[in-house]
Structures are given as C-alpha cells and as structure tokens.
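The chain contents come next:
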2 protein chains.
Amino acid sequence: MSQTAYRTHHATDVTEDLVGQRVKLSGWVDRRRDHGGVAFIDLRDSSGVVQVVINDEEMARPLRSEFVVELEGTVRMRPEGNENPHMRTGKVEVEVESLDVLAKSDALPFQVSTVLANETEGKLPGEDVRLKYRYLDLRRPSMARNIKLRSDMMKAARTVLDEMGFTEVETPTMIKSTPEGARDFVVPARLVPGSWYALPQSPQLLKQLLMVAGVERYYQFARCYRDEDFRADRQPEFTQLDMEMAFVDQEDVMAMTERLIQAIWKAAGHDVQLPLPRITWQDAMDKYGSDKPDLRFGNPLVELTDYFKNTPFRVFQAPYVGAVLFKGGAATPRRQFDAWQDWAKQRGAKGLAYIVFGENGEIKGPVAKNISEEERNGLKAAVGAEDGDAVFFAAGAREASQMLLGAVRVELADRAGLLKPDDFAFTWVVDFPLFKKADDPDDDDVAVGHSKWTSMHHPFTMPSKDWLDTFDQDPEHAMSDSYDIVCNGNEMGGGSVRIHRDDIQDRVLEVLGIDEAEAQDKFGFLLEAFKYGAPPHAGIALGWDRTAAILSGSDSIRDVIAFPKAGGGRDPLTGAPAPISDEQRAETGVDYDPEDDE
Amino acid sequence: MSQTAYRTHHATDVTEDLVGQRVKLSGWVDRRRDHGGVAFIDLRDSSGVVQVVINDEEMARPLRSEFVVELEGTVRMRPEGNENPHMRTGKVEVEVESLDVLAKSDALPFQVSTVLANETEGKLPGEDVRLKYRYLDLRRPSMARNIKLRSDMMKAARTVLDEMGFTEVETPTMIKSTPEGARDFVVPARLVPGSWYALPQSPQLLKQLLMVAGVERYYQFARCYRDEDFRADRQPEFTQLDMEMAFVDQEDVMAMTERLIQAIWKAAGHDVQLPLPRITWQDAMDKYGSDKPDLRFGNPLVELTDYFKNTPFRVFQAPYVGAVLFKGGAATPRRQFDAWQDWAKQRGAKGLAYIVFGENGEIKGPVAKNISEEERNGLKAAVGAEDGDAVFFAAGAREASQMLLGAVRVELADRAGLLKPDDFAFTWVVDFPLFKKADDPDDDDVAVGHSKWTSMHHPFTMPSKDWLDTFDQDPEHAMSDSYDIVCNGNEMGGGSVRIHRDDIQDRVLEVLGIDEAEAQDKFGFLLEAFKYGAPPHAGIALGWDRTAAILSGSDSIRDVIAFPKAGGGRDPLTGAPAPISDEQRAETGVDYDPEDDE
C-alpha cells in the first residue's frame, strides 16, 4: 500500500534494486545542500530519508526546509565515494525530473530534521514551545519513533491477549462518581439539570460487572481521568491497559501478565526471561525501602536496629535504624555530604547521618563521635563496607526511614550511572497488606472510608485465603491477594483478586467505615450484581503511558503521548481549557435552580 | 490458556476426545432437569454449554439457575438415544464427582438461559429493566454474541490497518471546544477556574495535526461525544473508527476503506465483493430519495415533473413531481391507504397522493379524478406499473418530495419483507456539494458559520479540483471531494479530502461567514500548523456502533454496546447522571467569580 496518487514508493523503498527505475516520491525537505549548482535534498517521509538530486536551478530555487514536495525521477547509484553507509538508502540517489511544491513552510521555531537529529536534539526549546508546535515536535525522529513504538506495543499486546482468549470491550466514560479516592472530573448533564456525569478514574466497577456478565476475559486500552493537583509526569487523562478474568486466581493473572509483557518487550526487540522474579511487599520495604524497588542494581538496605539496640547515641535509639552503603564514598568532599543533607530535607527528612571509612580503617564523619567504640569496631562488617566506602544512616519510624534510605540507594545508583534505560529489571511485588492507616499521606489510592483504615489497593480487593475469616478482627495484619508489577523502580501496573461475594464485600466496607447507605449510593449496583451468580475474578491494569516511557527509554510520559497537557492541565497548542460562552454555560444546566421550576 | 485454577477445560472443549478423562469445569447453572433422582445440569461458560450429571442428591439439592459452580468429574458418552445433535458437546456428558458452589444467585428478574434462549428471547422485559440488570442481559446468548462479534470486528480491522501501514494514535479527550456543529459536553477545569475542557465530537482537528506531524497513516477507535437531545438510537458517547492518511487522494481512501470493510465482514463469515458500487449524491437523491440509499432492493423513484408539466392538477404543478411504485398495491384496503396519509403527516408531509391500477386497466384512488385523460393513459407505462399495482406520488420542493418518496420506498420494502438483515448492500455516495443552505434543518452537521451557507460535511473539506478557483463565487453549485459509505440505508461512515493549504481554508471560512478573529479563536492552531509544510491528506471515519449493529443484524446500536445509556442519557444500572456534593461542586470551580480574587 505504498502506492498512492502521490507516490510509487516510500523513501526507504529506494535502494539498489530500483536503479534505473522511474519513481514518484512525496515528502518533506529534511535538509538541502548546494554544491556546484546542484541541489542535494534529503527527502523525508514516514519511512525515513532518501537523497534526491536537482540539477535544474530554477526547480531547486524555492525549496526550503520542511517544504512538502512531490517529485518524479530516476534512481541511480551515487558516485563512488559519496555513499552513506549509515543510511538504508545510502548507496543510491534519485535524479529529479519533475517536482511540485505541495505546501510551503515558514521558518521553523526549532529544527526537526532527521538527518541533523544528532546535532539538533540537544538544542530543543522549552517544553511549552515544543507542545505549542507539537505537530513539528512529532516530526523529530525520537518523537516519531516513540509514537510508532507505542502503536507497535499496542499491537503486540492485542495479539497475545487475543491468543489468550480475551474480548475487547469498550466501557462508558460518562459514568457515576466512583469511590476510588482521587478527585473526579465531572460533566454537567444538560438533560437532567443539576446532575452530573463523572469521567472514570478507571473502569474498575464496570469490568467487574463484565465478569458477572460472563465475559470471562476482558481487556481494553481504557482512557482514565483524575483531577489531581499538578505533579510532574502526571496527566489529567491517561491510558491503562485494563484486564479482568473470571475463574482465575492470582497465579493465573500473573502468568498471563508475564506472557503479555514478554510480547510487548519483544515488539521493541528485547527478550524478557520468564518467570519474572517476585518479592514480598515486606521484603521490598526492608531491602529496598520501596514498594517499587529498582532491581537494576543491588546494594540493599542493611537493618541495624538490633546492632544499635544498646547504643548511647540518642538518634539511633529508634524503632528502626538502617543504612545504605555508598561504595567508594570516602573520597566524597565534605560539601557534597552537606548537599546530601539538603537533598534529604527536601524529602521531608531531618537530615542524613553518614560515616566514612577511611583508607586505614579509621571511621570519620559527624556521627562517628556519637557511637560507641564497640559499635565502631563491628560496623564495617555489619554494613558490608570496605575501607574507602561511606555509609548513610536513617533512624526513626520504620517505614519512613526505609523509604528515605531507598531513595538514597536509587540516588547513589543514578549518580554512579547504574540506571541504564535499556536494562529492564522486572519484579512482582506480592503479599500486600489489605488495609493501611487512613492517614498515610503517601498515596493517591486513598479510599473513601471514614474509619482509621483505608484500602491498600481498593475496597474490592480480596483478603488472602488465610485471612478470610479474621481480616476484620485484625485489619492491621490482614493480607490481600494483590500484586504489583514493577520495572526499573516504576510501578508499571497492579491488580488483585476481587471480592465476588457480597458477604465479604460487606465486611470489608465495614472495616473501611462505609455504612450501608453510603455503599448503596456509591456502588449499590455492584453489590446488587453480586446477588446473581458472580464468578471468582481477578485482574490487573498496566499504566500504558508509563509502560511506553520505560520501554522507549523516555524520561517523561509526555514523550510517549501525542498531545499531552502541560502543567496545570493546560494545552499550549489549542489553548484548552478555555472560557465558554454564556449561552454554552446556560445550556449546561450548572446554574439550574430547582426552585425556578416551581 | 483454558487451564486456570478453576478449570482444566472450557465447556465446549468437552467432546468425545475426552471420554474417560477427568475434567475440572467452572461456570453457571444454565438449566437444571431432574429425572429419577439424577440431576442433569447444563453448565454454561463463555464457550458454551456442556451437560453434567449429578447422582448425589445432596450435592445437587442447592443448585439453582445461575449459581456459579466448580466441579470435577469424568467425561462419558451419553446413553444411546440421549445425544443432542444440535450441541457441540451433545454426544457426551460429565459425571460429577465433586462440586463447589462458588456463588449463589437470587431468583432472576428475567431468564438468561442459553439452552432455553429460543423460548425466552421473546419474553424480554422492557429495555429499562434490561439496562438496570445489564450484567444479566449480557449473559443472554444474542447479547454475548454481539459483544464478541464487536471485539472480533475490531481485531479484523486492526489487522488490515496494520498491514496497510497505519499507526494507532490516541488523541486527547479533554480538548478545546471545536466548531463541528453539535453541542459539546464540557468539563470544568478546576486548576484554571472559569475555564472548561470540551469532550471531542470527533478527533477531526487532532488527526489533521497528526498529518502535519508526518504520521502519514493514523487510526484510532475514538470515543466521541455529542450533547444532543434524545433521539432514538443516538448515544451521548459513541465510538468511531477514525482514520486519516497523508499523500493520498479520494480514490486511495476509498480503496483502503473497501479493503477494511471486506476484512471486517469476513470476521463474521461474510464475503464482500470489491470494488463497491458508487452513486453520486445527486443520483442517490433522484433515484432513491436519500443520501443513504438502501440498495437491498430496487424500485427507484420515477420523476414525473416533465410528464405532468401541463397538468391541470394544481398539486402537480410543482417544481418536482415523482412517484414510487407499490407493487401489487391495488389489493390494499382503503383504510390502509388512509393510514399511509397519517404516516406521511408524521413525517411532516401534507399527505401522500396515490393511484391504484385496477385489474382491468382502470385507474382509481382520490387523485385519479384530478388528472387528465391523456395523463391517465400513459401513466402506467411512465411509472412502470402493471394492473394490480398502486403508485404513491409526491409533489413540491424537489429535495423534500424526493425524501418523502424515498421513505415510502423503504417502508414498502420493509412491509414486503425485503429488508433482510443478512443481505448487505453497500454503496459509496460521492460528488457531494461543498456547501448547503444554512437553514437546512435536516442535519446535525450544522457548522458554525454566520452566512447563508454552511458546510455539507465540515469546514475542512476540500473543494473538488474543478472548483478550486471558483467555489467562493458560486457556493451553490461548488462540489467537494467527499464520500460517504452506506450499507442497507445506513450511513456507516464518511470522509473527505481535507484542505491542507491555508489560502483555501481562508476562502472556505469566508464563504461560511467565519471571520478571522473567530477562526483564530476556534481553530487558529490548525491554520497556524498549515504554515509549516502540511501534506495533502484525506480521511474517513466509520460509526462503529452502527457498523456493529448492521453486521450483527441488531435493530438498535444499544444491542452492540456493553453499557449504553437509556433515553435522556440516563444509566438505569448505575443511576448516572447524579447530583454531586456541594464540596465537589465547589472544587470544580464552576461558581468561581474572578472578583472574589480581588
């Protein structure tokens, strides 16, 4: 299907095989060089670039960067010595016989040339300019590659989901407000004045209804919406690859997901070995100070609570003391250690204690003097250090301290250049608690309950089998059948076995402090559905923007979204959001007053 | 991947090959019969049904319709004479050895049994009840088939689009209000109080930007939104298979679309012969009184304007007189012809003149006396009638009269049983006018202009080559490069070559009465994009709900949507739309007053 009214071939179809043939090509002027009255044009289309040669000065004169042209000419070998081995079409060129300018281009706000990409990539303007001219930004080879890769990933995912018997179902996006924690975007319902739709934060309840409906294996690339305050790398709308299966347990979903991930990575030429490793949530916290540990490198946290249990140092008389090794850190200048203190304070810590192991066994650093002789002696062995290393400490509440050390661990690896974007270290995180304290500020998945407990995942998560009878008597320790898939320190996705019995759902809601009236109002339809033969079911969702960013090696999800929003939800390209007219507002019904009807 | 924690096989895997083997199955109790202390259960899962036999009365006692069970047992041949040749699993049964009830079911509000489908399909409750219990309605075999078919169609479409080099791109759904005619759904932007996003009526402008971006071949199953007053078979959100191609002309898009349609129909086992027929818009109106003619049957309109040019009958002294033949209609009782008058009045006509050709050449009916002897004599030949036929007339404004006759033509065919849902008569409708009178009430695609002209398709449609220089001098007759694909009297989709040059776009906007300020405000970003090398491009979109309804033989698009809205945009299942809390409302910012900031 290369052949259209405007071309017989794409640019990269033009190779030695076509020498002597007449071709018609269309595309953009990527670069123009002139040499002895002859114009050499790199003609770019969606396939890549081919060199075309124009001997006719008049024909060549108007052509400038990003003009759109249609041309006909004959393919010939390049003169000896002029080949470009780095180009697929580098042995040939097209001698142009006729040429039409299909569209002109003004001078560009920034360079998009493929041929000059290496030179221009570093000279990009700020992101607002890139977004305002997104149609130019997407011409740049790295962005064009990302958009294509994202499409290829979707295709690979669909192919394997189809092999596994999944049905693609589109669920509605104008729904009732759901209780999943973040703020809903809402849409006034003109035909029912005073009423609103919500845009879905996820199709969670709808996909559970599909299981009750007997669909058994559902998937969808679902558009989801969260009206959150601006945070870097969050978008008000985002895509998740949403899946749900009936008559499965956790192992079935994990096996399916692994096959899926393998196929997606394969689409980018990467082999993923299965099965993927697993770590319990508790181990992940203890060893890596994170529920999404980056396993591209080692250097686990070392717990020293016991080691310091009789310490004279007040700071270390804490529920938790831990450390992370800074290999070779002894050579670090004092001012850099001071900068680490600021880094830690920005993360809400008081500071970051450290010790340096000198070349000849001596122990230095501000904290050194506070710990006992005995503690000093064994410390090197306890933290696995050698002379010339340093070690960072955290002491205090267990989880907060671990998370600080976990962040230090990643920061150290980043500075050491260990975070290679084309290394992919996957792990499952399993054995999550069912509940967590409701005042935990470090999560968006805050559920709506009014008790001291909130759901770790969401209120529809099944307690693990061992806890089915007792989870409501001991919410603090109850475990759930849920699982996250993590890659390179990013939570790519997560899921759980769902509750399919209304008696269990009722008990979970009670722990969450959601009374029956509220439950009925918010998701009574799901509880009702459970009365008519709901199969056991479980599911998972992959954050698709994040997954594409990881696989493409992009720093930001905005680089794998065709038209992302900038900070504050603004679109520099179209100017959205924008005021609406008074007439439009009147029609929405937001100013409807029931008393006006009387 | 049949094998999970809950099953070794799906129901329809259980055939003669497995006799003697132990299997584990899970599913719903579709039907239960008891015979001599033995319970025969039709066990249903997503694959279909298999008979399982329970000899243990205690085990069988609790089982009722739609209970969810997991069972193990041994496959055996059914006793001779008990085979069911209509079932894939009809030669075998499973002798149950152990059984767990995974979930119970209350008594159902309506029957969903697959096995009893033929008996129960006619006894469905009203649609509001079906929608309230949609998770049960979707268990019914016809609905389950529709959902599966829709998924299969998407897969088939994606496969062929991929072969043709298309890239799937997701475009944003929180955008700026676009000028495509229908009312936008709008979403308050909390972070920019007083501002709103709009949900897209289509990704039209965004896909054109993707062409400027060099994507060249884009597709997306795009969710679209229109806030229209309730009309049967319209949904506030709907899906279109949206496509756009660069460096193509109308023929390229049509050829691509035909290949696509062939692949989609093939997914349901139907062969479509290519190329598809074409008819001009003018011919479609003249011959079928419709811009979406149903070609499953013939019986074209007969124009009689010339025939009656000297008529003494005042009613036929009109700019247009036409007729449609009612084969064998002479036997129709008078009261039925009277009912046709009411039918016509409901469609806004004054009535429906008719004549009956008696068995012996006589001409009867209320109108007969009004026409001259000469006119009577030639009339039978002129309309292609024989004795025993009748003929309906319409006279008046050309288009309105033709559309009335077109509706009569379809109604006659429907009553004659000629509208078979598994006959598929496709046609392209081509050669549309570029503009139409702005007061034409019969269209949603009313553009935003303020002149007497509005776009027939939309303001981005390219004038046809012959009219490029003169379309603004003679808007009434100017033609466009646009095309609709029609099947069985339904507009499945439509598209056009787009304007890619800002000079042409400016002239079109001028005809539409859109001044520069308004154009800049509404789609200045597209006009700006055209300054940087926009390739020629064209596209099409298929209404996916309609396409699925046609292919599945469904009367309503609601039967091919998992969770559709009822009238007025209500969802009887979840209760959406619904009021929101004062707190939620305050957060949306809709009550923001800029003066409060001062």
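To be clear, the structure that these remarks concern was listed above.
Let me sum up the structure you'll find in this document. Nothing here was measured: the structure is a model prediction, and the numbers come from that model.

Criteria and thresholds
Residues numbered from 1 in each chain as written. Chains lettered and ligands numbered in written order. Predicted model: local features only at pLDDT ≥ 70, side-chain atom pairs only at ≥ 80, totals over all residues. Heavy atoms only, no water. Pairing = 2+ DSSP bridges. Helix = DSSP H or I, 4+ residues; strand = E, 2+ residues; numbered from the N terminus. Contact = heavy atoms within 4.5 Å. Axes fitted to C-alpha atoms, helices over the stretch in contact; angles between N-to-C directions. Least-squares fit on C-alpha atoms with pLDDT ≥ 70 in both. Core = buried A, V, L, I, M, F, W, Y, C linked by side-chain atoms within 4.5 Å. Buried < 20%, exposed > 50% of the residue type's maximum accessible area, 1.4 Å probe, protein only. Parallel < 35°, antiparallel > 145°, perpendicular 65-115°, else oblique. Left-handed = near helix turned anticlockwise from the far one by under 90°. Nonpolar A, V, L, I, M, F, W, Y, C, P; charged D, E, K, R; others polar. Phe/Tyr/Trp six-rings, centres within 6.5 Å; stacked < 30°, edge-to-face > 60°. Lys NZ or Arg CZ within 6 Å of the ring centre and 35° of its normal. Buried area = accessible area lost by both parts, 1.4 Å probe. Salt bridge = Lys/Arg side-chain N within 4 Å of Asp/Glu carboxyl O. Polar contact = N/O pair within 3.5 Å; in protein donor to acceptor, adjacent residues only side chain to side chain.

1. Examining the sheet that holds strand E22 (residues 537-543) of chain B
Residues and elements named next belong to chain B.
For step 1, the next point in the chain: If you walk across this open sheet you meet the eight strands as E6-E9-E10-E22-E21-E20-E17-E11, and the pairing is mixed. Of all strands in the sheet, those with a lone pairing partner are strand E6 (167-168) and strand E11 (278-280), marking the two edges.
For step 2, the next point in the chain: Packed onto the sheet, helix H5 (residues 141-163) meets E6, strand E9 (217-225) and strand E10 (237-246) and runs at close to 150° relative to E9.

2. Describing the relation of the copies chain A and chain B
For step 1, the next point in the chain: Mapping chain A onto chain B calls for a rotation angle of 180° and an axial translation of 0.0 Å; the resulting RMSD is 0.1 Å. Put plainly, the chains are arranged around a two-fold axis. Taking C-alpha positions as reference, the residue of chain A nearest the rotation axis is A:Val187, located at 2.5 Å.
For step 2, the next point in the chain: Taken together, the interface assignments show that 100% of the residues at the interface of chain A recur at the interface of chain B, consistent with an identical surface on both copies.

3. A closer look at the nonpolar core
For step 1, the next point in the chain: Ranked by size, the top nonpolar core spans 97 residues in total, and within it A:Tyr135, B:Leu241, B:Met243 and B:Trp265 carry the most contacts.
For step 2, the next point in the chain: Among the elements that take part in this core, helix H7 (residues 250-267) of chain B stands out by supplying seven residues, more than any other.
For step 3, the next point in the chain: Among all residues touching B:Leu241, those that are not within four sequence positions of it are B:Ala157, B:Leu161, B:Tyr219, B:Gln220, B:Phe221, B:Leu260, B:Ile540, B:Ala541, B:Leu542 and B:Trp544.

4. Section: the packing of helix H6 (residues 204-212) of chain A against helix H13 (residues 516-529) of chain A
Residue and element names in this part refer to chain A.
For step 1, the next point in the chain: In contact at an axis separation of 10 Å, H6 and H13 are set at 15° when each is read in the N-to-C sense. The pairing of H6 with H13 is recorded here as roughly parallel in orientation. Judged by the sense of rotation from one axis to the other, the crossing of H6 with H13 is left-handed. Counted together, Leu-205, Gln-208, Leu-209 and Val-212 of H6 and Phe-523, Phe-525, Leu-526 and Ala-529 of H13 form the full contact between these two elements.
For step 2, the next point in the chain: When its residues are assigned to classes, the contact of H6 with H13 shows seven nonpolar, one polar and no charged.

5. Brief notes about the packing of aromatic side chains
For step 1, the next point in the chain: Summed over all chains, the structure comprises 48 aromatic pairs over all chains.
For step 2, the next point in the chain: Plain terms: the ring middles of A:Tyr6 and B:Phe247 are 6.5 Å apart, the flat faces sit at 65° to each other, and that makes the pair edge-to-face. With one member in each of two chains, A:Tyr6 in the segment before strand E1 (22-35) and B:Phe247 in the loop between E10 and H7 form a pair that bridges those chains.
For step 3, the next point in the chain: Classification of B:Phe247 by relative accessible area gives buried; the value is 0%.
For step 4, the next point in the chain: The interplanar angle of 90° and the centroid separation of 6.3 Å between the aromatic rings of A:Tyr197 and B:Phe185 together place this pair among those described as edge-to-face. One end of the pair, A:Tyr197, is in strand E8 (residues 196-198); the other, B:Phe185, is in the loop between E6 and strand E7 (186-188), on a second chain. The residues A:Tyr197 and B:Phe185 share a single accessibility class, namely buried.
For step 5, the next point in the chain: By way of ring pairs, the aromatic residues A:Phe326, A:Phe337, A:Trp340, A:Trp343, A:Tyr354 and A:Phe392 are connected into one cluster.
For step 6, the next point in the chain: A cation over an aromatic ring shows up here: A:Lys132 above the ring of A:Tyr133, its NZ or CZ 5.4 Å from the ring centre.
For step 7, the next point in the chain: A cation sits over an aromatic face here: B:Arg415 above B:Trp340, 4.1 Å from the ring centre.

6. Notes on the interface of chain A and chain B
For step 1, the next point in the chain: In this complex, chain A contributes 121 residues to the contact, which on the side of chain B involves 121 residues.
For step 2, the next point in the chain: In total, about 10000 Å² of surface goes out of reach between chain A and chain B, with carbon and sulfur atoms giving 59% of it.
For step 3, the next point in the chain: The tally of links from chain A across to chain B stands at 14 salt bridges.
For step 4, the next point in the chain: Summed over the shared surface of chain A and chain B, the number is 58 residue pairs in polar contact (both at pLDDT 80 or more).
For step 5, the next point in the chain: The leading source of residues in the side of chain A that touches chain B is helix H5 (residues 141-163) of chain A, at eight residues.
For step 6, the next point in the chain: Taken together, the residues of the side of chain A that touches chain B break down into 62 nonpolar, 25 polar and 34 charged.

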